[in-house]
Amino acid sequence: MIITLIIFIVGLTPSLASIWILRRADAQAQERLRLAIESTSTRGLPRLGLSPDHHYVEGIGYMIGDLTCQFNARSSYMRCAVNPMGPCSECSHYQERELPDVDLSEFSIDR
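Worth saying up front: this structure is predicted, and the values here are computed from it rather than measured. Within every chain, residues take consecutive numbers counted from 1 along the sequence as written. Only residues with pLDDT of at least 70 get local features here, since the model is predicted, and only at 80 or more are side-chain atom pairs given and counted; chain-wide, interface and lining totals rely on the full set of residues. Only hydrogens and water are set aside; all other atoms, that is, all heavy atoms of the structure, feed into the side-chain values.

Draft legend 1. View of the overall build of the protein. A count of helices and strands for the protein gives one helix and three strands. Along the protein, helices and strands appear, N-terminal first, in the series α-β-β-β. Classification of residues uses two cut-offs on accessible area relative to the type maximum, computed with a 1.4 Å probe and protein chains only: under 20% is buried, over 50% is exposed, and between them is partly exposed. Classification of the 111 residues of the protein by burial places 14% in the buried group. Note on contacts: a residue pair qualifies if any of its non-hydrogen atoms lie within 4.5 Å across the two residues. Long-range pairs, those at least 24 residues apart, make up 34% of the contacts in the protein with a sequence separation of at least 6. Working definition of accessibility: Shrake-Rupley area with a 1.4 Å probe, residue cover restricted to the visible protein chains. Summed over all atoms, the accessible surface of the protein reaches about 9,600 Å², with 62% contributed by carbon and sulfur. Segments assigned H or I by DSSP are reported as helices when at least four residues long, segments assigned E as strands when at least two residues long, and all are numbered from the N terminus.

Right, here's the structure in full:
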């Protein structure tokens, strides 16, 4: 009888130890997650390191360069076909883009 009890206890010991270790690890992970959420909410998320040349156009995304130029690539990677590296202010190829008569109040351009 005692031998059966000892075998039973020895057989259950690894599973009980495993359950105890898993619960402790889960509690530590939950605590780390809670601390990360708290620190983010008090500190805030970091801002994107965008240059002042980036413009956000709703529906398109971020674009760089002078948006009124005919040669603007309308891309966040390249300014234009003529002077891809910029700057637009010193470009000798600047041509103002002709815009059709559209109500521009529906478009939002943020700097």
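Draft legend 2. Representation of empty space enclosed by the protein in the model. Cavity means a closed set of points on a 1 Å grid over the protein atoms alone, one where a 1.4 Å probe fits but cannot get out, pocket means an open set with protein on both sides within 12 Å along at least 5 of 7 lines, and lining means a residue has an atom within 4 Å of a point. Grid points are joined across faces, edges and corners, and a volume is the space filled by probe spheres set on the points. All chains considered together, the criterion is met by one cavity of 30 Å³ or more. Empty space within the largest cavity amounts to approximately 50 Å³. Along the walls of the largest cavity sit Asp66, Cys69, Asn72, Arg79, Cys80, Cys88, Cys91 and Tyr94, which together make up its complete lining. Each residue is assigned to one class: nonpolar for Ala, Val, Leu, Ile, Met, Phe, Trp, Tyr, Cys and Pro, charged for Asp, Glu, Lys and Arg, and polar for all the others, Gly among them. Along the lines of polarity and charge, the residues of the lining of the largest cavity split into five nonpolar, one polar and two charged.

Draft legend 3. Looking closely at the side chain of Arg79. Checked against the element boundaries, Arg79 lands in the loop between β2 (61–64) and β3 (109–110). The buried category is assigned to Arg79, whose relative accessible area is 18%. With residues near it in sequence (within four places) discarded, Arg79 still touches Asp53, Ile64, Gly65, Phe71, Asn72, Ala73, Pro84, Met85, Gly86 and Cys88.

Draft legend 4. Structural context of the environment of Ser89. With respect to the helices, strands and loops of the structure, Ser89 is situated in the loop between β2 and β3. Accessibility expressed as a relative area gives 70% for Ser89, which makes it exposed.

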